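# Reading the structure
Here's the letter readout for the chains.
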Amino acid sequence: MPTTESSSELSDLRRRNLRRVAHLVRDNPGVHLSDVSERTGLALGAVSSLVNALVEAEVIDDAAASAGGRGRPRRTLALVDRGVDLLAARITRSAIDVRSATLAGRIVRSESRTSAIPWSIDAAAATLAELARTVVGDRPPGSRQPSMVISYPGAAIGDRIGANELDWNLLPLRQLLAPLRTAGFRRASVGNDGSLATLGEKRVGAARGYANAAVVLLGRGLGGSAIIDGKLLRGSRNAPGFGHTPVDPSGPLCICGLHGCVELYASLQSIAARLGDADRLAGMPSAAYSAELDQRAATGEERVSSAIDDTRTRLRDFSDLLGALLAPEAVILTGSASPLARHLISEPRNPVGPVMIEGELGADAALVGAMFAAQDDALDDPLAFAGDRSGGAAGNDAAE
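Residues numbered from 1 in each chain as written. Predicted model: local features only at pLDDT ≥ 70, side-chain atom pairs only at ≥ 80, totals over all residues. Heavy atoms only, no water.

Of note, aspartate 229 is a non-glycine position whose phi angle comes to about 50°, a positive value. Topologically, aspartate 229 is positioned in the loop between β13 (222-228) and β14 (231-232). On the accessibility criterion, aspartate 229 (63% relative accessible area) is exposed. Positive phi, close to 50°, is recorded for alanine 327, a residue that is not glycine. Along the chain, alanine 327 turns up in the loop between α10 (302-326) and β15 (330-334). When its relative accessible area of 53% is taken as the criterion, alanine 327 is described as exposed. (Helix = DSSP H or I, 4+ residues; strand = E, 2+ residues; numbered from the N terminus. Buried < 20%, exposed > 50% of the residue type's maximum accessible area, 1.4 Å probe, protein only.)

Glancing now at the sheet that holds strand β7 (residues 147-152). One open sheet accounts for five strands, arranged β6-β5-β4-β7-β11; its pairing is mixed. The sheet terminates laterally at β6 (107-114) and β11 (188-192), the two strands that pair on one side only. Strand-to-strand twist of the sheet, defined as the mean angle between neighbouring strand axes without regard to direction, takes the value 15°. As paired strands, strand β5 (residues 95-101) and β6 are joined by seven bridges and run antiparallel to one another. Across the sheet, residue valine 98 finds its bridge partner in β6, namely glutamate 111. Packed on one face of the sheet, helix α5 (residues 173-182) meets β4 (86-91), β7 and β11 and runs near 140° to β11. Relative to the sheet, helix α12 (residues 365-380) contacts β4, β5, β6 and β7, its axis offset from that of β4 by approximately 145°. (Pairing = 2+ DSSP bridges. Axes fitted to C-alpha atoms, helices over the stretch in contact; angles between N-to-C directions. Contact = heavy atoms within 4.5 Å.)

This part covers the pairing of β15. Within β15, five of the five residues are buried, leaving the element largely enclosed by the surrounding structure. Of the two faces of β15, the one carrying Ala330, Ile332 and Thr334 and the one carrying Val331 and Leu333 are both buried. In this structure, β15 lies alongside strand β16 (residues 355-358), joined through four bridges in parallel fashion. Directly across from isoleucine 332, in β16, lies its bridge partner isoleucine 357.

Bringing the packing of aromatic side chains into the picture now. Remark: the centre distance and the inter-plane angle together describe each pair of aromatic rings, the angle taken between the planes. Overall, the coordinates contain one aromatic pair when judged by the stated rule. Centre to centre, the rings of phenylalanine 242 and phenylalanine 318 are 5.6 Å apart; their planes meet at 75°, and the pair counts as edge-to-face. Within this pair, whereas phenylalanine 242 is found in the loop between β14 and α7 (268-275), its partner phenylalanine 318 is found in helix α10, the two being separated by 76 residues in sequence. In terms of burial, phenylalanine 242 and phenylalanine 318 fall into one category: buried. (Phe/Tyr/Trp six-rings, centres within 6.5 Å; stacked < 30°, edge-to-face > 60°.)

Put simply, α7 and helix α9 (residues 286-298) touch, their axes get as near as 11 Å, and they point 55° apart. Compared by their axis directions, α7 and α9 come out oblique. The hand of the α7/α9 crossing is left-handed. Of α9, the residues touching α7 (which contributes Leu268, Ile271, Ala272 and Leu275) are Ser286, Tyr289, Ser290, Leu293 and Arg296. Its residues assigned to classes, the contact of α7 with α9 shows six nonpolar, two polar and one charged. (Parallel < 35°, antiparallel > 145°, perpendicular 65-115°, else oblique. Left-handed = near helix turned anticlockwise from the far one by under 90°. Nonpolar A, V, L, I, M, F, W, Y, C, P; charged D, E, K, R; others polar.)

To summarise the sheet geometry, strands pair through backbone hydrogen bonds and adopt either a parallel or an antiparallel arrangement. The strand order β8-β9-β10 describes an open sheet built from three strands, whose pairing is antiparallel. The open sheet has two edge strands, β8 (155-157) and β10 (168-172), and neither has a second partner. Taken pair by pair, the neighbouring strands of this sheet meet at an average axis angle of 25°, ignoring direction. Looking at chain direction, strand β9 (residues 160-163) and β10 are connected through three bridges and run antiparallel.

Nonpolar side chains tend toward joint burial in soluble globular proteins. In terms of nonpolar packing, the biggest core is built from 42 residues, with Val21, Val59, Ile60 and Leu77 touching the most fellow members. Elements supplying a minimum of two residues to this core: α1 (4-27), α2 (33-40), α3 (44-56), β3 (74-79), β4, α6 (193-204), α12 and α13 (382-387). When residues of this core are assigned to their parent elements, the largest contribution, 11 residues, is made by α12. In terms of nonpolar packing, the next biggest core, distinct from the first, is built from 32 residues, Ala124, Val136, Ala183 and Val190 among them. (Core = buried A, V, L, I, M, F, W, Y, C linked by side-chain atoms within 4.5 Å.)

When pLDDT is averaged across the protein, the result is 89; 92% of the residues are at 70 or more. Segment residues 391-400: pLDDT under 50, and 26 contacts once partners within four positions in sequence are set aside and those in other chains are kept. (pLDDT = per-residue confidence, 0-100.)

Before going further, it helps to spend a moment on the side chain of glutamate 111. By secondary structure assignment, the location of glutamate 111 is in strand β6. Excluding residues within four positions of it along the chain, glutamate 111 makes contact with Ile96, Asp97, Val98, Leu131, Thr134 and Val135.

Attention shifts here to α3. With 13 residues, α3 extends 18 Å from end C-alpha to end C-alpha; this agrees with the ideal 18 Å at 1.5 Å per step. For α3, the set of buried residues is Val47, Leu50, Val51, Ala53 and Leu54. Seen from one end, α3 has its buried residues packed into an arc of 155°, which puts them on one side. What points out from α3, more than 90 degrees from its buried face, is the exposed set Gly45 and Glu56. Just downstream of α3 lies glutamate 58, where phi reads positive at about 60°. (Expected span 1.5 Å × (residues − 1). Arc of directions from axis to C-beta.)

Attention now moves to the pattern of salt bridges. Tallying each qualifying case throughout the model produces 30 salt bridges. Here glutamate 301 ties to arginine 296 by a salt bridge, and the two come within 2.9 Å at their closest N and O atoms. In this structure glutamate 301 comes out as partly exposed when scored by relative accessible area, which is 26%. Taking the relative accessible area as the measure of exposure, arginine 296 reaches 16% and is therefore buried. In the salt-bridge network here, residues are joined through shared partners; they are Asp277, Arg280, Glu292, Arg296, Glu301 and Arg303. (Salt bridge = Lys/Arg side-chain N within 4 Å of Asp/Glu carboxyl O.)

Take a look at the structure:
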């Protein structure tokens, strides 16, 4: 009879294998059992058992496909594409966006709210809960809990959250999540917008096909992360992102306590400050200001062109620094300042330096990444996700 320890080890092994199969099916919709067996190195019988468990849990759908001749039809596998299992949210200074999707990633509904002033954490929390209820809609009793990831422009340190763009100075994380819990959304977590934008560009954007790439999220501030050997760089904590990397130690003091951070020289805030537009930028969406700058540069406004030229030089300096530290194949510019990308991309100074290219997801990069992060959360322990059920409609659950 197996010992408790060996039973636990077998349980952990099965959980890991379920995760491998679920992720492989996610990345290869329409894959066959034999393909899963070949790619995972697991015996066909073991794969069949794992798939049966995932089908029963309504994580995977299987369908009979023609065998093309004699023999039994082959089972084709894909993630379940019905109902709402995923929620992605994005908080920026001027807007909150929430999307719902099936487990397969098909968007079901999107809702947004705007604000003329930065969101307080209480206003953001209430708005997130309201929009989440709206995009999920009515859910029958016993529905499983959607997996939700919230993108925000800052860092979580322990149980506190900080975001300079929102004027949140290490506020309790629970303050943001409590209304969601009360509304029945227990599987909600937060992520830095730069890291999530990197994940989005890796999965479906300009970083596809790169084993090593850096993504710069350019907007009101500057953030980003990197893909190292095919995996998202995570570090030891949820860092503020690339923006707080010193590029000029003798430069001005940054709000983070360091001097000469790249965000002070290469961001919409730095351009707006140089042009005397700081108050205007504070009251408008970053994407709208970026589009305006693009038009002003196109019409030959010298002050705008000069500010953009300086920003391009600073971004090249930063790109060269990333090249020396991380050796990426490419540095990808994405985010709400994407309308300016054509003005900001430059050639590497070093023959072996990384190329700089425009992202494909633009202002939606972090929101797309949040959806993939929510999907990853569900598939990392698919049976636990499938078994996390509510007692009724989302609004009927009590807070933790």
